[in-house]
Each structure stands twice: as C-alpha cells, then as structure tokens.
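The lines below spell out each chain.
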Amino acid sequence: MNVLRKKIYMLAGYNTISMGTGRNEFHPKKPRPGLEHYIQEAGQATLKMIGGAKNVDEGVIGNFMASRFNKQANLPAFLPMIDAELKYKPSVSVEGACASGGLALTTGMKSILAETADVVLALGFEVQNSMKAMYGADVLAGAGWQKTRKEGHAYFFPGVFSDRAGAYYEKFGREITRKAMAKWYCNAIENARLCKTAQEFHNTNKDLEGTANTPVNPRGFVDHLNVFDCSKVSDGASAIAIVSDEGLKKIGLNAKDAVEIVGFAHVAADITQKPEVMTSLTTMKVAVEKAMRMAGITVDQLGTVEVHDCFSIAGIMALEAIGLAEEGKGPEFVLAGHTSRCGKIPVNTTGGLIGWGHPTGATGVHQAVTIWEQLTGNAGEAQIEITKEKSYAMSVNMGGDDKSLVAVVYKRGE
Amino acid sequence: MDLIRKMENVSVLGAAGKMGSGILVLLSFEMAKLKIGKKEDKDFVLNAVDVSQSALNSLLGYVKSQLVKHAEKNIVELRTWYEDREDLIDNDEIISQFVYDVMEMIQTSTRIETAYGSQLIFEAIKEDKALKVKLFSQIKKNNPDAWFLTNTSSIPIGEIEKEAGLNGDIIGYHFYNPPVIQKLLEIIKTDHTNDDLAAFSVNLAKSMRKIVVQSRDVAGFIGNGHFMRDALYALNLAEELAKTEGWAKAFFLIDTISRDLLVRPMGIFQLLDYVGIDVTRFILESMQPSFPDEKLSHATLNQLFDNEVKGGQFADGSQKNGIFKYQKGRITEVYDLENAKYIPTENIEMDCAVLLGELPTLKIYWKSVVRDVKKADHLKKFFNELHQIDSVGANLAIAYGKNSKAIGQMLVDTKVAESKADVNTVLETGFFHAYGPINEYF
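Conventions we followed
Residues numbered from 1 in each chain as written. Chains lettered and ligands numbered in written order. Predicted model: local features only at pLDDT ≥ 70, side-chain atom pairs only at ≥ 80, totals over all residues. Domains from an automatic or database assignment. Contact = placed C-beta atoms within 7 Å. Helix = DSSP H or I, 4+ residues; strand = E, 2+ residues; numbered from the N terminus. Nonpolar A, V, L, I, M, F, W, Y, C, P; charged D, E, K, R; others polar. Pairing = 2+ DSSP bridges. Axes fitted to C-alpha atoms, helices over the stretch in contact; angles between N-to-C directions. UniProt positions renumbered as here; feature names shortened; annotations may be inferred.

Enquirer: Account for the domain arrangement of chain B, with residues named and values stated.
Expert: Residue and element names in this part refer to chain B. According to the domain assignment, chain B consists of domain 1 (3–215) and domain 2 (223–430). Taken over C-alpha atoms, the centre of domain 1 sits 32 Å from the centre of domain 2. Contact with domain 1, which involves 16 residues of that partner, is made by 15 residues of domain 2. Breaking the side of domain 1 that touches domain 2 down by element, the ones donating at least two residues are strand S7 (184–189) and strand S8 (211–215). Residues belonging to the side of domain 1 that touches domain 2 are distributed by class as follows: six nonpolar, six polar and four charged.

Here you go:
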C-alpha cells in the first residue's frame, strides 16, 4: 500500500508517570502499583477526553513481557477493566518486544483502514520494576534470539549495543562519538525536566556532562557504555485514541485537536541473523523510507522526531537511519546542537527513552502521545515551536536489535 | 607455598557469631574463586564450627543471602566462570548454581574435632583467653601443620601463642563489624609469626579487597586501644556531670557532644550499646593485665551490667536496649542509672540544650561531610568556631577531641601503631570517623 485509502487521526493522548529510580516517589522496597493501575489510569484518561467508553469500537494493548515481569498473560481481557462499558468489545494484545507500543498503533490504524472500527483505544504498558535490573536483563533478553543468550552479556541488551558502540568507535572515532553520546544524555535530561511525567523530571544534577562522562566499567557492566548511556527501567502506560473521520464526528472533536497519520511502515527482520552492518540500523532505515514514501515528504519537512534511544548510541545511529545525518556523521550532527530543543530538528522533546523512560511495551504509544502534544500545542512546558515549513513529525519505535520496526509520520489535523 | 592446598580445608571457629559468620562468608567467596573461578579440581571444605546447632542452622540462611548479593554484584565475572555450562543460560540460573556450588563446600559442626582436618583455622569465638588456648592447643596436638588466624581484638596474640604452644603458627586477623562490608583488617604479628603465614595473611586480605593496617601485638591493638580509652574518658565525664545533673542528662549530653560536636557517626554511648556493655567490659578485662599501671574498668559499666543494661543486637541486627532505648534506630529514651529506669529523651532535651549553651552557628553533620571532597575545609571552619566559643558544650567537646588525639598519639609513641596515618586509617575505616584522631583541629 503506497497511499492511505482513508484518513486516520490520533488524539486524546495520555502518559502515566514513568516510574523508576529517577523519581522521588520511587522506593525499591515499598509496594508499588501493579499493571492494573497503569492500564486503568492511562485508559480512563483517554476515554475521558473522547466522551467515554461508549464511543470506543475496539481496543489494542501493546506489551512486551508481562508474562514474565508480572506473570500475567491474556492481556486483552484487561480492556474491560478500564471501563465497564468496554465489556464484550473486541480487544487484542500485540507483542514485538520494545516495538510492542508501535504495533499497538499500527494494529489500531489497520482497523480504521479496514473499516472494522471508527474509534480504537490503543494502549501500551510495561511494569518491570518487579525484579532487580540484573534479573530483568534476562527477561528483556527475550527481545533477542534466545539461542544467543548464553554467549551474550550478563546485561544482554546493553551488551548488544555496547558491541555496536565499539564497532562505531572503531569506524568513526571514539572521542567524537563518546562526546556526542554524552551530549545526547544531557539533551535527554534537560528535556525530561520539562515534562512532569518523565522519570528524570526530578533530576537536579548540576553536572550533567560530568555524569554523562562517567568512565565505563567493564568489570561491573559493559565495555563501551556507562549506565547513563542506557534508558532506565520504567513502569508506565500510555494511551491514545486512533479514529477515522466518522470517529471524530462520533466523539465530537475537531481534526485540529488531532494529528493526522500521513504515512506509516511496519517491518520485521530475521531475529536469528546477526546485524548486516554493526554501525547502522538497516531495518530502521527501510521502515523510515517506506513511511516517508507513503507520506510523500522529505526529512527537511520534519519539525520534530521521536527516536528509539534505548541507548545513546542507538539514538545517534537512528539519526543516520532516518537520513538526518550521513553514516558516521551522527555524532557531529548531535554535537552541532541540531537535535537539542532549539536546534534544527528537536529530537525526543520530553526526554526520549533515556530521559522520559522506557516502559518497554508503552514506548511506541508514548512517542505518538508526545508528537500529538507537540503538533497540537498540548506539550506544556516542553512545547517547541512547529513552523509551517517543517510541520511534519515522525516516531520510530524499535524492537530488539533492529528487528521489529514501526515508523509513523504525522501532521496536525486540518 | 601452595596457597591452594592451604585453602582446601578451612575451619571457622565461632562461625555462627556476628564476626564468625561474616568471616565464613568472606572465606566462601575466596574458596569459590579457586573452586569455580580457577576450576581447581579439589574437594574444598569450609567447616562452620560453633557450639550451637540452632545458631548454625540460621547461619546457613545468612550465608545464602550473602552469596546471592555477592553473585548479583559479580554477575559479569560469574558468567565467565560458568561459560562451559550450556544448561545455565539466564543470570538467575547462574546465580542459583553459584550459591549451590558454594553451599556444597560448607559443612556445619558442633565438634572441635572437625578442625583437625583443616590447614587453616579462623577463630572468632568470645574473648576468652583460656578457651582459645584450650581449643588451639587441642587442634595443634592433632594437626601440627595448622595455621591459626584469630579475630581476637584485645588479647595479646603472643600470649595465646605461647600458652597453646603454636610456635609462630598464629597471626592476629582482626576484622571489623560487619566483616563482609567493613574494609578494615588489622593484622597482628607476634614476635614469632612465621613469614609464610604473614605473607599468606596479607595476600588473602588483598584478595578480599581489605585495607590492611599492621598493629603491634599489644592488647587492644589500634582499634580497641583507642575506642576503649575513649569510652572510659566519656564515662568519667558522664560520672562528673551526673553529680549535678543526674545520670540521664549526663549520658545524653556526653553522647550528643561526642556525636554532634565531634562530628562522629554515632555518640560514644550509642556505640557502647552497639558493641554491647557486656562485650565492652569483657574487652577491658582482657586488656587490663597488659597495662598494670592503667585502670581499664569503670564502676559505671559494672553497675549498668549488674542492672541488666547490656545493649548488643538482636539476630536481625536491630539494637537491644542499653544506655538508650531505640525505635527504628533512633534514640527515644535514656537510662537513669540512679533510679534504674528509662526516661524519654524529649523530657530532658530542652534542659540539655540550655546546659550545652552556645554552639557553632555553622552546622555540619557527619552524614553530609563524610563523603564531601571539601571535608577538611568544612571541619576546619567548624572546629575553629568551636574553639572561639566559651560554653559548657564547646569546652567539653574541645577537651574530648584533645583526649582522643592524645590516645592516638600514645598508640604511636608506644609503637602499637607504626604511624599516625595507621591510627587515623583505623578510626576512619573501622569506626567510620570523618577524620582521624591525630589531627590539627584539636
């Protein structure tokens, strides 16, 4: 499909707090809300904005590993828990590792396109502080091929991206890349401080650069990343409504309150295969190109992007995959300030995965919510300026090591 | 010297005690390095010997929990240790196997005969010279090659050596509480300690990542040498104050001064409660014979002990009642020795503040200053101001600091410590003081 055969909108986005060690209210030893709380909070908030559950035709829940983090499956049946009026409505859950949220979006969009629904409640969540990071690493390793777990690092995914970072250093220079990774972290925290739900909202560190440059510690962690290069373990949920023109009428809202989807792509690569090129995210590149082609725009028309910076190096490589910088030039692009909130193209305006947090199954939806907020002027303190020349936005959500990819292109509804 | 052979069979005497259990855990880490890390094909045995079978049973639970913590912290290395085990994939599988493999080396026993098969005997029983001598000589008779590493904190090692007939096969190996966490290790050679044992002891300490301070074989060594005299000084001050203010206020005031105005992690009487009034008395009694010219006892301690005020900790680490009563670690009541009852501290706090009088305007707290890179500047400012003030509190604090310094200097002068720096290291690492007693502040 090269063009959308029907208009699709998203609106009424909501993010819960991204809970984890960065938040003041987080106590590792005290009981915390479970997945029920997060699903309910996000779902009910979105329902409230669209005139209640009666307007919803179906629901999609994106989640990665509730089966292990919370020993919970059959997630579709949590939809009616959000509101009694959702009982007996179709509900489905989708999984594609950290792209599960993105899959919730594409699944909802397809229902609109298929005309089986006019209003879809799309929700993503993950509650992963239920175990220590070291055991959580085993669970998250499920995003890679299980047969490579044994040879992998204790912290499996940090290990995977540490290897990519090492290859990148070798090919394009360690010093400049490290500097850019540090800058990436600083940007992420500065943006997160403007967003009340961000995990790093409470971060008051006066020496971000010093923190970002913490030396690596291969004895305790991985070879080429420090912990600040990594997104933090987070509990959280995000919800958004995906609607058709008819859906807009049904809920009584204007297209101007929504973002319109102008292109999207969902691609998968073989999980059993090693990356073709260690220094680039080739699957992401394919997804982005497809989505852009469907939207019929060029990167110069993008006013902001939400990229999947599960690790700072992944964020930098994403800039290259999107085509904002040439291969090997991502670090320069970041260091020139182009990705900061006043730069050429503000990236991850509420902190991204490193600053806002990475409740794995929620991230794809969280990205859409952030873009909806920015394009419709609902971003509060974190609001950036969106110009006519650069009125489009894009989100890129990645599952595993460049295996499951969802890219979505948005503009404000008219 | 074949270190591995020495580590093949090890016994810890008093293994279920506070110190013994920690030492056992540290040794289990070391033996794991050999058995699992270096894949030494030997049957490693770590005997946990104690008089109480039920204490030994609960010891195993403690050891397991410590092994899990250790494994979690060292998971990167552990995965390399188990890289050949294809069945162990996830971190939790590797950690479980590690705990299993280490626990397999540990055997509990209530019989001293168990130690006859060990090349190394670590001892952490109570401070009772006659008992130590009895056990060591018995083991030595049946096991002539055994080396003894004793956690004795107050009895001269040379006396134990002589009376048990150990001929240089003993060294003082004095851990601080809790051994797994505390970095400091005092090593005390006797005049005859054999060179191989001395070298082995230092290497083992390094492998355990301890900070080693060598102390001369003088009862109390550096740590208790300072602590005990510091406590006796505080008891004298309290006794004097009690004449006019009563015991409750006297205890409370001196404790407050030694904590807040000396910028220490806890007041001196809280520390006595932590160590235990009974244990303190015991240490003093063991030290006394070595210092015939010094009075190492205090009527107040004896009176507290007779009134069943003993301090110490419960098995879960919480504090028992002593000079103070505690709630969640905070002091809530103080003992009035004269009337043998506890008084809520809130009833006397105001009076005590009035008694202390003027205090420095600059407030500094041990907790915030201890890891501050500009620690020395803050302390200097604070103590300078303290010196300018003429109040009961300030004068007592200055005198206290000077006395503490004099004790430290005496330990250097009498060659118990090799240097001022060693005394300061012991107080800073072993007692978590923010600064050493031998300083420019007093």
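Enquirer: I'd love a proper account of the sheet that holds strand S4 (residues 119–127) of chain A, names of residues and values included.
Expert: Residue and element names in this part refer to chain A. The sheet built from nine strands is open, its strands ordered S3-S2-S4-S5-S1-S6-S9-S8-S7 with mixed pairing. On the outer flanks of this sheet lie strand S3 (91–94) and strand S7 (302–306), each paired with one strand and no other. Sheet twist, expressed as the average angle between the axes of neighbouring strands with direction ignored, equals 25°. With four bridges connecting them, S7 and strand S8 (residues 392–399) associate as parallel partners. Across the sheet, the residue bridging to Val-305 is Met-394, located in S8. Sheet contacts for helix H14 (residues 363–375): strand S1 (8–15), strand S2 (58–62), S4, strand S5 (235–243), strand S6 (259–268), S7, S8 and strand S9 (404–412); angle to S1, the most-contacted strand, approximately 105°.

Enquirer: Which residues make up the UniProt feature "domain: Thiolase N-terminal" (unreviewed entry) in chain A, and what are the values?
Expert: The feature "domain: Thiolase N-terminal" (unreviewed entry), as given by UniProt, occupies residues 53–245 of chain A in the numbering adopted here. The distance from the first to the last C-alpha atom of residues 53–245 of chain A is 18 Å, and the span holds 37% helix and 14% strand.

Enquirer: Got a sec to walk through the domain arrangement of chain A? Specific residues and values, please.
Expert: Residue and element names in this part refer to chain A. Split into domains, chain A comes out as domain 1 (8–132 + 233–257) and domain 2 (145–232 + 263–412). Each of domain 1 and domain 2 was reduced to a C-alpha centroid, and the two centroids are 22 Å apart. On the side of domain 2, 35 residues touch domain 1, which itself brings 44 residues to the contact. When contributions to the side of domain 1 that touches domain 2 are tallied by element, the ones reaching two or more residues are S1, helix H4 (100–113), S4 and S5. No other element matches the eight residues that H4 contributes to the side of domain 1 that touches domain 2. For the side of domain 1 that touches domain 2, the per-class residue count stands at 19 nonpolar, 20 polar and five charged.

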